[in-house]
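# An overview of the molecular structure
Chain by chain, the residues run as shown.
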Amino acid sequence: MIRRYPYFGWINTMVMLKIVRSLRMMPFFLIGPMAIAQPGALDTAFHGNGISIQNYGSGESAVRCMTLQPDGKIVAVSSAFDVDNWRSYVLRFTPAGNLDTGFGEQGIVTSTLDTITFTGVALQSNGRIVVAGTQGQNMQMGAAQILMRFMPDGAVDSTFGMNGVVIRNLFPKPCSTTCLVIQPDGKIITGGRARFGSYYYHEGLITRYNTDGGLDSTFGSNGCVEVYPGGSGGVVDAITLQPDGKIVAAGSHFGTWGRFLVLRLLGNGALDPSFGTGGIREEGQTDQDAFANSVIVMGDGDILVGGQFGFPLSRFALVRFDPNGSLDQTWGGSGKVTTAFSGYSSWIRRLGEDPDGKIIAVGNLLDYQPTDVGVAISRYLPTGVLDTQFGTYGKVAMSINQQERTAVYSMNIQDDGKVLVCGMAGTSATGPREALVMRFMRGSYTGIPDIEQDLSEASWYRNADGSLSVSYSLDRPGSVQLDLYDTQGRSIFTVEDPQHAAGHRHVVLDKVPKSIGLYVLTLTTRSGERHTLLLE
């Protein structure tokens, strides 16, 4: 079932309404087109409102990972709980965010195997689609790594493995696959973990397969490198390639405290002695946990790793290494950058570098309750400083439909700099969450200076009688003018909220049009600071 949500009301959840705050000094005739083009705003050219939500199981479903075809189409892998088993899917979207009906069955290929979770997808040079994941759940006994390959039209490639499927079992060690990358020669490298002994003991796995799905015996020990850094072990959750063919993997080492774990391997699977200590580099904090989920190789050859510092109260953490594994202390002042989202724990799922060399980090927010989650995005200048032209002072925080039940798994940056984010979203207060893909604008520098704030935390909602409730906080005493416009810039009404003391304000507007459509509400303070809300 395809569900579409062509409205913007959900944008006001938590603090994401401030993604258009950079418009506050603009004359209104610029607000209509520029609000949509602001860095960090949803791209309304994607599926009509920047959001595509799909549901194809009886329970929760999620898009776990994506890759981009040269023609701009988006290939994604998804898992959904259906009746009593996890089942996985491969989806393809057009650049406009619609399911590609020329792929599989109306844009969706359903795996014929039960209890499968896909966690990685990549393209070979001939356009064939390789997906990786795990058969079995939660690292229980018998869990195995799995690869599948599909033709460009979604048909199973029977020349790969056994009828398109490769299952690798390390019995008695349960194992899983977390990430995937393909070499220029078509060989397939996966990262993951295996459990041994106690449930809490893991080792990282890096495996390479030939193009036909067979293990590459020239890599490691019969195609596999097992990494045990000591303590309670470690895991590999991200993997990428350097231009020289060396393999960079990142994850976490579980000791007294969790730490970032970075590995670099030579083409034959041996640890690279020119990196860190014998090919291994760890980094973290002295008195709190650190866990890594993503790694990229920057244009200058530096290695950037993203994850979290702290647990359970955590924040975005990025660490940048020189090619030899030492901290790049010219970046962010120390080689380490952390970003907090006020009132929430946050952690990075994926990193990316856009065409301008800016760094995008995408992850999750957690509001101390298991289901109170949202999307967190931050953008950094090449120096490691937050890019204040993106979102609200470099950050975007949001959820879907005011449910605060949105989780992120991965992200891709298009050639034009637009940011694709995938995960799952709750479209009701209690129902199962559904598979989600969103696209955000890259935007450009507007030349609008940062100014001291008078007003913050603006939000709105419709009342049962059709009136509109608008809430905001004044950071200092003052008055606010509220103006409602249609998308042509025609004024519908102006209301003056007179002088008030600093603090939270709540205003009810009863002149709001009842007709369906997109409107723009501006809140302007006496100092000229303007906040813009999109509403239906």
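These notes cover the structure that comes with them. (Residues numbered from 1 in each chain as written. Predicted model: local features only at pLDDT ≥ 70, side-chain atom pairs only at ≥ 80, totals over all residues. Heavy atoms only, no water.)

## Focus: the packing of aromatic side chains
Heads up, the rule is: Geometry of aromatic contacts follows a simple scheme: Phe, Tyr and Trp rings, the Trp one being its six-membered ring, pair when their centres are within 6.5 Å, and the pair is stacked under 30 degrees between planes, edge-to-face over 60, tilted otherwise. Going along the chain from the N terminus, every DSSP run of H or I of four or more residues is numbered as a helix, and every run of E of two or more is numbered as a strand. Only protein chains enter the area calculation, which uses a 1.4 Å probe; residues under 20% of their type maximum are buried, those over 50% are exposed, and those in between are partly exposed. Remark: a charge is flagged as sitting over a ring if the NZ atom of Lys or the CZ atom of Arg is within 6 Å of the ring centre and within 35 degrees of the ring normal.
Taken as a whole and assessed by the stated rule, the structure comprises four aromatic pairs. Ring centres 5.5 Å apart and planes at 55° place the aromatic pair Phe260 and Phe309 in the tilted group. On the criterion of sequence distance, the pair formed by Phe260 in strand β17 (residues 258–265) and Phe309 in strand β20 (residues 303–309) is long-range, its members being 49 residues apart. Like Phe309, Phe260 is buried. The interplanar angle of 80° and the centroid separation of 6.2 Å between the aromatic rings of Phe291 and Phe311 together place this pair among those described as edge-to-face. Of this pair, Phe291 sits in strand β19 (residues 290–297) while Phe311 sits in the loop between β20 and β21 (315–321), placing them 20 residues apart in sequence. With relative accessibility at 18%, the residue Phe291 sits in the buried group. An aromatic cluster is defined as three or more aromatic residues linked by ring pairs; in this entry it consists of Phe254, Phe291 and Phe311. Cation over ring: Arg64 sits above Tyr409, and NZ or CZ is 4.4 Å from the ring centre. Seen from the ring of Phe341, Lys395 lies directly overhead, with NZ or CZ sitting 5.2 Å from the centre.

## Quick word on unusual backbone geometry
Look at Gln106: it is not a glycine, yet its phi comes out positive at around 60°. Within the element layout of this structure, Gln106 appears in the loop between β5 (85–93) and β6 (108–110). Within the chain, Tyr393 stands out as a residue other than glycine whose phi angle is a positive 55°. The residue Tyr393 is located in the loop between β25 (373–380) and β26 (395–398) in this model.

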